[in-house]
Every structure is written in C-alpha cells, then in structure tokens.
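# Geometric and topological summary
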Amino acid sequence: MTTEIRDRLDRTQKATREAGIDALLVSPGADLRYITGYEALPLERLTCLMLPAEGDPVLVVPALEKPAALASPVGALDIDVVAWGETDDPYALTASLLPTGTSTVGVDNHMWAEKVLALAAAVPKARQVLAGQVLRELRMRKTSAEVSALRAAGATIDAVHDSMKEWLRPGRSERDVGRDIADAIIAAGHARVDFVIVASGPNGASPHHDLSDRVIAAGDPVVVDIGGTMPTGYCSDSTRTYAAGNEPPQAFRDYYAVLLEAQQAQCSYARPGVSAESVDAVGRDIITAAGYGDAFVHRTGHGIGLETHEEPYIVAGNPLRLEEGMAFSIEPGIYLPGRHGARIEDIVVVTPEAVERLNRTSRELAMLDG
Ligand code: ZN
Ligand code: ZN
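Worth saying up front: this structure is predicted, and the values here are computed from it rather than measured.

Below, the discussion takes up the coordination of the zinc ion (ligand 2). Taken together, the protein ligands of the zinc ion (ligand 2) are Asp225 (OD), Asp225 (OD), Asp237 (OD) and Glu345 (OE), with distances of 2.0 to 2.4 Å. Separation of the zinc ion (ligand 2) from the zinc ion (ligand 1) amounts to 3.0 Å, with Asp237 serving as a shared donor to the pair. A residue pair is termed long-range when its members are at least 10 positions apart, and Asp237 in the loop between strand 8 (221–229) and strand 9 (238–244) and Glu345 in the loop between strand 14 (340–343) and strand 15 (346–350) qualify at 108 residues. Neither residue differs from the other here; Asp237 and Glu345 are each classed as buried.

Here it is, written out as structure tokens:
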C-alpha cells in the first residue's frame with residue numbers, strides 16, 4: 001500500500017504543478033486519505049497537508065493527533081509531520097510552510113468554511129482555488145489496487161443482500177429489518193455502516209427514504225439500498241427491490257420488468273469512449289418509451305471510491321467520456337407516489353472493452369415469503 005500511496009502523492013504533486021497551483025492545502029476527508037492514507041478525524045483543531053507543487057510535503061497536526069498521524073501510512077512516507085500546541089496559531093504555522101512567493105493555493109473541496117477563511121486571512125496574498133480540479137482527475141480513474149478494493153466492497157455488500165430473506169418479511173417494521181441489516185453490514189466485513197434504506201410499499205416511491213416504523217405488509221414491494229465503508233476506506237452501495245410475500249401488485253410487476261430491461265441495457269452499453277450522459281439516456285429512453293419517464297426522477301448514477309458519491313456523475317449534461325478504471329453506479333428507478341417504487345443498483349467499473357459489475361446478486365424480483 002505504501003508504494004500505491006507514494007505514487008498517488010507523486011501524481012498529485014505533478015498535477016498540481018501542471019494546474020499552475022503553488023500548493024494544495026488538504027484537511028481531513030477523502031482527499032487526505034487518498035493522498036496520504038491517513039484517515040484523520042475531522043476536528044475543530046486544524047489538521048492540514050501542505051503539498052507544494054515542488055518540494056517536500058508537510059502535515060500540520062494538533063500535537064495530540066501526532067501519534068495517530070505517525071501510526072497511519074504517513075509514518076512510512078517522506079512527509080514531515082509538524083505538531084502545534086494548544087496555544088499556537090496553526091494557520092500562521094501553515095502559512096509559514098508555503099513556498100515563498102505562493103500566489104495560488106488549492107483548498108480541498110470539503111474544507112470547513114471556518115478553516116478556509118482562516119487560511120485566507122493567514123495568506124492574504126494567495127488566491128484560493130478548489131483542489132478538486134486537480135484531485136477529481138486522479139480519483140476518478142481508479143488504479144488496479146483501488147478496483148480490487150471496490151470489488152471486495154461489492155462482494156461484501158452482496159453477502160448482505162444474499163441473506164435478506166432472514167430479516168425481510170411481512171409483519172416486521174422497516175426499522176427492525178434495518179437494524180438487522182446494519183448488524184449484517186458490519187458482520188460481513190465493513191468497518192462502518194453508511195446508510196440503510198428499507199422502503200416498503202408507498203415509502204418505496206421516495207428514493208432517499210431511510211427507515212420508518214411502518215410494518216411491512218404481505219405483497220409490499222420493498223426497495224433495499226445499503227452501503228458501508230470497508231477497512232480499506234472504499235465504499236459499497238447496492239440496491240435490490242424485493243417483494244415481501246408472494247403477490248406484489250400487477251402494476252408493479254409491469255414496471256419492474258421495464259426497469260430490469262433498462263438497467264441491463266445500460267450495463268451492456270457502458271464502455272470506454274461513450275459519454276456519461278449517453279449511459280443515462282440509454283436507460284431513460286427505455287423507461288420513457290414504456291410510459292414511466294416522469295417516474296424516473298433522478299440521474300442514473302454516481303462515481304464511487306473513498307466516498308459513496310464522487311465523480312463521475314452519470315447524468316444528462318455530462319459529456320465526460322468514460323475511461324478504463326472509472327467506477328460508478330448504474331441505478332435507474334421508477335417511483336409512483338402514494339403507491340410503490342423500484343430501483344436496481346450495481347456498481348460497475350470500466351474495463352478495456354465494457355464494464356464489470358461489482359454487484360452480482362440476482363436482479364430478478366425476489367419473492368420473500370413470511
Ligand atoms: Zn448509489
Ligand atoms: Zn444506493
């Protein structure tokens with residue numbers, strides 16, 4: 001892993017140079033973990049990587065976080081760790097470490113506003129830009145080590161879907177089922193649970209419903225969208241729609257067949273060279289032709305890696321051409337307010353000729369008996 005991280009550090013530095021940015025300033029979050037392997041706590045006290053376009057990076061940390069920083073992959077990299085004490089000014093310290101004559105700094109896209117403003121005040125001559133313009137290009141194209149980590153995450157969440165019949169049945173509430181699923185997400189090997197959506201009956205028409213006390217009834221369609229973060233930092237995310245009991249409404253069965261066809265068509269179509277927006281259109285056209293266009297209320301998908309939602313976004317208006325190594329969800333949905341809904345979601349990674357699905361559990365409508 002250290003070789004992988006060192007390589008990312010080098011590539012980030014090179015890209016920073018090419019973007020004409022003098023230094024990146026990166027606070028705790030996925031960008032910091034991507035560049036250094038350090039999963040730092042997002043605290044009010046400043047932790048900040050100063051990565052200059054040329055020269056050695058420095059990690060500024062609160063003194064009490066120094067042991068944790070050194071125990072992370074940072075300890076094995078050529079990164080100076082500079083600790084600040086409780087009465088020091090960490091912003092002045094960070095400013096003093098910047099290359100002389102710094103006129104442009106890239107701050108990470110998710111840095112807290114109070115830190116962005118304090119850094120601006122500490123380095124008044126430097127223009128702040130988003131580090132995302134550099135990091136998105138790198139993080140969007142997964143290395144083989146990252147693809148392996150995502151593949152493992154996919155297999156881990158698949159193991160949870162494979163056991164759904166143990167928990168999901170008529171007579172139980174969404175919340176009770178969700179609690180069991182959350183336990184299973186951890187037991188399967190995730191380090192943490194990121195979300196558990198169990199949307200039964202009419203709740204299935206709300207794409208981001210989470211859990212409620214609604215008791216699942218026989219015949220309810222149930223949308224189950226679950227994900228977690230693995231110990232590697234890479235995320236899982238997969239949706240399957242189940243039928244609790246044997247007889248979901250015929251209207252539901254009709255559009256589920258359309259949805260399945262659309263999701264399959266999108267997975268078959270996606271490959272290097274096609275645009276993100278065209279992947280969306282391939283599924284949307286099928287759903288629209290069947291009369292459900294207005295019921296597909298969200299984009300087709302999102303990139304995934306160290307964050308569940310990151311670039312590339314598979315959405316109308318995004319002309320980005322897919323490349324080998326890009327990883328994202330293909331998750332069309334059909335939602336009928338007041339009645340029910342359905343979504344099918346797989347994470348895919350672009351291969352030299354096609355995409356590999358990282359979620360492999362059956363997409364056919366599964367009838368779970370009580
Ligand atoms: Zn998703
Ligand atoms: Zn999802």
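The structure having been displayed, the exposition proceeds.
For the zinc ion (ligand 1), every protein donor is listed as Asp237 (OD), His302 (NE2), Glu331 (OE) and Glu345 (OE), and the spread of their distances is 2.0 to 2.3 Å. Taken together, the 4 donor atoms coordinating the zinc ion (ligand 1) and their angles of 81 to 162 degrees define a geometry best described as irregular. Look at where the donors of the zinc ion (ligand 1) fall in the sequence and you get D-x64-H-x28-E-x13-E. Looking at Glu331, the relative accessible area reads 9%, which means it is buried.

A common way to report how large an interface is uses the accessible area buried once the components associate. Domain annotation for the chain reports domain 1 (2–137) and domain 2 (144–368). Averaged C-alpha coordinates put domain 1 and domain 2 at centres separated by 35 Å. Here domain 1 meets domain 2 over a buried area of about 730 Å², counting both sides, of which 46% is carbon and sulfur. The tally of links from domain 1 across to domain 2 stands at 2 salt bridges. Note that Glu311 and Arg136 form a salt bridge whose closest N and O atoms lie 2.8 Å from each other. At the boundary of domain 1 and domain 2, one finds 5 residue pairs in polar contact (both at pLDDT 80 or more). A total of 3 residues in the side of domain 1 that touches domain 2 trace back to one element, the largest contributor, which is helix 2 (residues 30–36).

The next subject is the sheet that holds strand 4 (residues 80–84). Taken in spatial order, the 6 strands line up as 4-3-2-1-5-6 in an open sheet, and their pairing is mixed. Strands with a single pairing partner mark the edges of an open sheet, and in this sheet they are strand 4 and strand 6 (127–130). Taken over all neighbouring pairs, the strand axes of this sheet differ in orientation by 25 degrees on average, direction set aside. Here 3 bridges tie strand 1 (residues 23–26) to strand 5 (residues 104–107), and the two strands are oriented parallel to one another. Paired with Leu25 across the strands is Val107, a residue of strand 5.

Before going further, it helps to spend a moment on helix 5 (residues 113–122). Residues of helix 5 that are buried include every one of Lys115, Val116 and Leu119, and no others. Buried residues of helix 5, seen end-on, are gathered within an arc of 105 degrees and therefore sit on one face of the element. Opposite the buried face of helix 5, at more than 90 degrees from it, the exposed residues are Ala113, Leu117 and Ala121. Against the buried residues of helix 5 lie strand 1, helix 4 (90–97) and strand 6.

Centre-to-centre distance and the angle between the planes together describe a pair of aromatic rings. By the definition in use, this model includes 3 aromatic pairs. Measuring from centroid to centroid gives 5.3 Å for Phe252 and Tyr255, while their planes differ by 80 degrees, and the two rings are edge-to-face. Separated by 3 residues within a single helix, Phe252 and Tyr255 lie in helix 9 (residues 250–269), roughly one turn from each other. Each member of the aromatic cluster is reached from another via a ring pair, and the members are Phe252, Tyr255, Tyr256 and Tyr292. Over the ring of Phe296 we find Arg284, and its NZ or CZ is 3.8 Å from the ring centre.

Here helix 1 (residues 2–18) crosses helix 6 (residues 132–139) at 135 degrees, and the two axes come no closer than 9 Å. Comparing the axis directions of helix 1 and helix 6 gives the class oblique. As for the relative orientation of helix 1 and helix 6, their crossing is right-handed in sense. Here Arg11, Thr12, Ala15 and Thr16 of helix 1 lie close against helix 6, whose contacting residues are Val134, Leu135 and Leu138. Partitioning the contact of helix 1 with helix 6 into residue classes produces 4 nonpolar, 2 polar and 1 charged.

Looking now at the environment of Leu358. Mapped onto the elements, Leu358 comes out in the loop between strand 16 (355–357) and strand 17 (366–368). With relative accessibility at 3%, the residue Leu358 sits in the buried group. For the pair Leu358 and Arg151, spaced 207 residues apart in the sequence, the C-alpha separation amounts to 5.5 Å. For Leu358, the contacting residues outside a window of four places in its chain are Leu150, Arg151, Gly154, Ala155, Asp158, Ile347, Val348 and Val349.

This part is about the nonpolar core. Core analysis: the largest hydrophobic core is formed by 37 residues, its most contacted members being Leu32, Ile35, Tyr38, Leu49, Leu59 and Ile79. With 4 residues, helix 2 is the largest single contributor of residues to this core. Looking at which domains feed residues into this core, each of domain 1 (2–137) and domain 2 (144–368) gives three or more. Look past the residues within four positions of Leu49 in its chain and what remains in contact with it is Leu24, Leu25, Val26, Leu32, Ile35, Thr36, Pro57, Val58, Leu59 and Ile79.

We now examine the sheet that holds strand 8. Spatial ordering of the open sheet is given by 7-8-9-17, a layout of 4 strands whose pairing is mixed. In the strand order of this sheet, the two ends are held by strand 7 (192–200) and strand 17, each with one partner. Strand-to-strand, the axes of this sheet are offset by a mean angle of 30 degrees, without reference to chain direction. Across 8 bridges, strand 7 lies against strand 8 in antiparallel orientation. Directly across from Val196, in strand 8, lies its bridge partner Ile226. Of the strands in this sheet, strand 7 and strand 8 touch helix 8 (residues 174–187), which is tilted by about 150 degrees from strand 7.

Rules used throughout
Each chain carries its own residue numbering, running from 1 in the written order of its sequence. Labels are handed out in written order, letters beginning with A for the chains and numbers beginning with 1 for the ligands. Confidence filtering applies because this is a predicted model: local features only for residues at pLDDT of at least 70, side-chain atom pairs given and counted only at 80 or more, and all residues used for totals across whole chains, interfaces and linings. To obtain the side-chain values, all non-hydrogen atoms of the structure were used and water was disregarded. Each metal's donors are the N, O and S atoms found within 2.8 Å of it, except that Na, K and Ca use a 3.2 Å limit; water is left out, so coordination can look incomplete. Here a strand is any run of E in DSSP of at least two residues, a helix any run of H or I of at least four, and the numbering for each starts at the N terminus. The buried label applies to any residue whose accessible area, calculated with a 1.4 Å probe on protein chains only, is under 20% of its type's maximum; exposed applies above 50%, and partly exposed to all values in between. The geometry test gives tetrahedral to four donors whose angles all lie between 85 and 135 degrees, gives square planar to four donors and octahedral to six donors whose opposite members are over 155 degrees apart with all other angles between 65 and 115, and gives irregular to the rest. Just so you know, the domain bounds were taken from an automatic or database domain assignment. Accessible surface is computed with a 1.4 Å probe, and the buried area is the amount of it that two parts give up when combined, taken over both parts together. Note on definitions: salt bridges are taken to be side-chain nitrogens of Lys or Arg within 4 Å of carboxyl oxygens of Asp or Glu. The term polar contact refers here to a pair of N or O atoms within 3.5 Å; inside protein, the definition further demands a hydrogen-donor-capable atom paired with an acceptor-capable atom, and it admits residues adjacent in sequence only when both atoms are side-chain atoms. Strand pairing requires that DSSP identify at least two bridges connecting the strands. For helices, the axis comes from a line fit to the C-alpha atoms of the stretch in contact; other axes are also lines fit to C-alpha atoms, and the angle between any two N-to-C directions lies between 0 and 180 degrees. Regarding the arc, it is the one traced by the directions from the helix axis to the C-beta atoms. Whether two residues are in contact is decided by their heavy atoms: any pair within 4.5 Å suffices. Note on aromatic contacts: the rings of Phe and Tyr and the six-membered ring of Trp form a pair at centre separations within 6.5 Å, being stacked when their planes are under 30 degrees apart, edge-to-face when over 60 apart, and tilted otherwise. Whether a charge lies above a ring is judged from NZ of Lys or CZ of Arg, which has to be within 6 Å of the ring centre and within 35 degrees of the ring normal. Oblique is the label for any angle not under 35 degrees, not over 145, and not in the 65 to 115 range, which are roughly parallel, roughly antiparallel and roughly perpendicular in turn. Working rule for handedness: look at the near helix, and if it is turned counterclockwise from the far one by less than a right angle, call the crossing left-handed; if clockwise, right-handed. The residue classification treats Ala, Val, Leu, Ile, Met, Phe, Trp, Tyr, Cys and Pro as nonpolar and Asp, Glu, Lys and Arg as charged. All others, Gly included, are polar. Nonpolar cores were defined as sets of buried Ala, Val, Leu, Ile, Met, Phe, Trp, Tyr and Cys residues, with membership established by side-chain atoms within 4.5 Å.

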